[in-house]
Amino acid sequence: GQGRIVGLDILPIEAIDGVHCVQGDFREESVMAELSRVLENIPVHVVLSDMAPNLTGNKAIDQPASIYLAELALEMAEAVLSPEGCFVVKVFQGEGFDDYKREVGQLFSKVLIRKPKASRPRSKEVYILGIEIQRYYIAFIHLTRVVNGNTAIRSIPHIKTTPKKKAKPHWN
């Protein structure tokens, strides 16, 4: 089948054959609306995020900013990944890292941590890989009392959910 590659960056992206490029800030509603339009509700097989904040050198500012971007990427993965999809995200080890890794583990059956060879040895940069999204469906049953005293069962359509209940991502 035909695949589609979509790239999103805050900076202008030089055209690449076969790649649909969206320019803008991932945190902005209009950019997410454009990304959703481009994806056309087609299941995504890979979400790859190498987002990083503009580093200030202050760990108390840089680390939470890094985790925040990683959380946004995870929300996106949860919203668009197909069941066999995988998620790769760059994140910096430090405060909030273990909690974030646990959050990824609640959504994926397998979680791996990898440090690229190109990364400096003392760098806190690592990539978290989530494999096999854990989605399941719940069918809600509504009981309705019928006039003659019998009870009828009416099923409401299945609702897609994940093991961890979360608010819908801001771009939906």
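Residues numbered from 1 in each chain as written. Predicted model: local features only at pLDDT ≥ 70, side-chain atom pairs only at ≥ 80, totals over all residues. Heavy atoms only, no water.

Would you mind going over the overall build of the protein chain in detail, with residue names and values included?
Check the secondary structure of the protein chain and you find three helices and ten strands. By the burial criterion, 31% of the 172 residues in the protein chain qualify as buried. Taking all contacts inside the protein chain whose residues are at least 6 apart in sequence as the whole, residues at least 24 apart take part in 58%. Within the structure as shown, the protein chain displays about 11,600 Å² of accessible surface, and the carbon and sulfur contribution to it stands at 54%. (Helix = DSSP H or I, 4+ residues; strand = E, 2+ residues; numbered from the N terminus. Buried < 20%, exposed > 50% of the residue type's maximum accessible area, 1.4 Å probe, protein only. Contact = heavy atoms within 4.5 Å. Areas by Shrake-Rupley, 256 points an atom, 1.4 Å probe, with all protein chains shown as cover.)

Please provide a residue-by-residue account of the sheet that holds strand β3 (residues 44–49), values included.
Strands sit in the order β3-β4-β6-β5 across an open sheet of four strands; the sheet is mixed. The strands lining the two open edges of the sheet, one partner per strand, are β3 and β5 (108–114). Averaged over all pairs of adjacent strands, the angle between their axes in this sheet comes to 10°, without regard to strand direction. Of the strand pairs in this sheet, β3 and strand β4 (residues 81–92) are connected by five bridges, and their pairing is parallel. Paired with V47 across the two strands is F87, which belongs to β4. In the packing of helix α2 (residues 59–80) onto the sheet, the strands contacted are β3, β4, β5 and β6 (125–133), and the crossing angle to β4 comes to about 175°. (Pairing = 2+ DSSP bridges. Axes fitted to C-alpha atoms, helices over the stretch in contact; angles between N-to-C directions.)

Can you tell me about the environment of V111, naming the residues and giving the values?
For V111, the position within the fold is in strand β5. A residue is classified by how much of its surface remains accessible, and V111, at 23% relative accessible area, is partly exposed. Between the alpha carbons of V111 and K101 there is a distance of 8.0 Å; along the sequence they are ten residues apart. Setting aside chain neighbours within four positions, we find V111 in contact with K101, V104, G105, I128 and L129.

So, the side chain of D25: which residues are in play, and what are the values?
Relative to the elements of secondary structure, D25 occurs in the loop between β2 (19–23) and α1 (29–39). Here the side chain of D25 touches R27 through a polar contact of 2.7 Å, side chain to side chain. (Polar contact = N/O pair within 3.5 Å; in protein donor to acceptor, adjacent residues only side chain to side chain.)

An account of the nonpolar core is needed here, citing residue identities and associated values.
Side chains of nonpolar character tend, in soluble globular proteins, to be buried together. Formed by 27 residues in total, the largest nonpolar core has its most connected members in L81, F87, Y100 and F108. Of all the secondary structure elements, the ones that give two or more residues to this core are α1, β3, α2, β4, α3 (97–107) and β6. At nine residues, α2 tops the list of elements feeding residues into this core. (Core = buried A, V, L, I, M, F, W, Y, C linked by side-chain atoms within 4.5 Å.)

Quick one: what's the story with the pattern of salt bridges, residue by residue and with numbers?
Two side chains carrying opposite charge are able to pair once their charged atoms lie near each other. According to the stated counting rule, one finds five salt bridges in the structure shown. Residue E125 pairs with K90 through a salt bridge whose shortest N-O separation is 3.6 Å. Placement of E125 in strand β6 and of K90 in strand β4 is noted, with a sequence separation of 35 residues between them. Summarising the burial analysis for this pair, E125 and K90 share the class buried. (Salt bridge = Lys/Arg side-chain N within 4 Å of Asp/Glu carboxyl O.)

Outline the side chain of E125, supporting the account with residue identities and numerical values.
Judged by its relative accessible area of 15%, E125 falls in the buried class. A distance of 3.4 Å separates a polar atom in the side chain of E125 from a polar atom in the side chain of S119. Aside from chain neighbours lying at most four places away, what touches E125 is K90, V91, F92, K115, P116 and S119.

Explain α2 to me, and be specific about the residues and the numbers.
Over its 22 residues, α2 extends 31 Å from the first C-alpha to the last, a length consistent with the 32 Å expected when each residue adds 1.5 Å. Capping the start of α2, N58 holds a side-chain oxygen 2.9 Å from the backbone nitrogen of A60, two or three residues further along. (Expected span 1.5 Å × (residues − 1).)

So, a positive patch on the surface: which residues are in play, and what are the values?
A surface patch of like charges, here positive, comprises K59, K115, R120, R122 and K124. Within the fold, R120 resides in the loop between β5 and β6. Residue classification places R120 among the exposed positions, given a relative accessible area of 58%. (Patch = residues over 30% accessible without salt bridge, like charges linked within 9 Å, V, L, I, M, F, W, Y side chains within 5 Å. Lys, Arg positive; Asp, Glu negative; His and termini not counted. Charge placed at Lys NZ, Arg CZ, Asp CG, Glu CD.)

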